[in-house]
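# Overview (structure and organization)
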Amino acid sequence: MSANLILLITIGVLTACGVYLLLERVVSKMLLGIILLGNAVNLLIITMGGPDGKPPILTGSDTSPDGMADPLAQAMVLTAIVITMGVAAFVLALAYRAYMLTTTEDVSKDPEDAQVAAGREREDPEQ
């Protein structure tokens, strides 16, 4: 089985851009990173699902699965698209609520997290 090289490069670029945007401290950039990463995974699933083929519908007397497309990859991608849209709507709702409370879109560093991290460093200096 051979995969399309341009499609694999596109998957790599989408993954890299998605991870980069996820590491930002702005909610809208994080949301775009989640969406890009989701699209990259969907393309990867479709690419690894195999080559194009006949529709996976058995009708008439020709019921041999030779040359048939894999329906599992397509079903998984459709499910992943719905899940990604749900996550995007949830993150948008969280971003809107956070903006209404703090009037900024930036995610600030939590001082309690810094205290917990500093406490762990003092407890186990060997590790």
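Residues numbered from 1 in each chain as written. Predicted model: local features only at pLDDT ≥ 70, side-chain atom pairs only at ≥ 80, totals over all residues. Heavy atoms only, no water.

### Focus: unusual backbone geometry
Put simply, the test is: Secondary structure is summarised from DSSP: a helix means a run of H or I of at least four residues, a strand means a run of E of at least two, and numbering begins at the N terminus for each.
Of note, the phi angle at T103 is positive, near 55°, even though the residue is not glycine. The topology assignment puts T103 in the loop between α3 (71–102) and α4 (111–123).

### Quick word on the packing of helix α1 (residues 5–22) against helix α2 (residues 27–48)
Note the cut-off: All axes here are fitted lines through C-alpha atoms, helices being fitted over the stretch that makes contact, and every angle between N-to-C directions spans 0 to 180 degrees. Oblique is the label for any angle not covered by the other classes, which are roughly parallel (under 35 degrees), roughly antiparallel (over 145) and roughly perpendicular (65 to 115). By definition, turning the near helix anticlockwise from the far helix through less than a right angle yields a left-handed crossing, and turning it clockwise yields a right-handed one. Should any heavy atoms of two residues lie within 4.5 Å, those residues are counted as being in contact. Under the grouping applied here, Gly and all other residues not named as nonpolar or charged are polar, the nonpolar ones being Ala, Val, Leu, Ile, Met, Phe, Trp, Tyr, Cys and Pro and the charged ones Asp, Glu, Lys and Arg.
Put simply, α1 and α2 touch, their axes get as near as 7 Å, and they point 155° apart. Here α1 is positioned roughly antiparallel relative to α2, judged by the angle of their axes. Two packed elements cross with a definite hand, and for α1 against α2 that hand is left-handed. Judged by residue contacts, L7, L8, I11, L14, T15, C17, G18, V19, L21 and L22 of α1 engage K29, M30, L32, G33, I34, L36, L37, A40, L43, L44, T47 and M48 from α2. Looking at the contact of α1 with α2 residue by residue, the class counts come to 17 nonpolar, four polar and one charged.

### Focus: α3
Note the following rule: Every helix has an expected span of 1.5 Å times one less than the residues it contains. Buried, partly exposed and exposed residues are distinguished by accessible area as a fraction of the type maximum, computed with a 1.4 Å probe on protein chains only: under 20%, between the cut-offs, and over 50%, respectively. A 3.5 Å cut-off defines polar contacts: any pair of N or O atoms within that distance qualifies, except that in protein one atom must be a possible hydrogen donor and the other a possible acceptor, and neighbouring residues in sequence count only when both atoms are side-chain atoms.
If you check α3, its first and last C-alpha atoms are 46 Å apart, about what 32 residues at 1.5 Å a residue would give, namely 46 Å. Of all the positions in α3, only A73, V77, T84, A88, V91 and A95 are classed as buried. The inward-facing, buried residues of α3 abut α2. The N-cap residue of α3 is D70: its side-chain oxygen and the backbone nitrogen of L72 are 3.4 Å apart. At the C-terminal side of α3, T103 shows a positive phi close to 55°.

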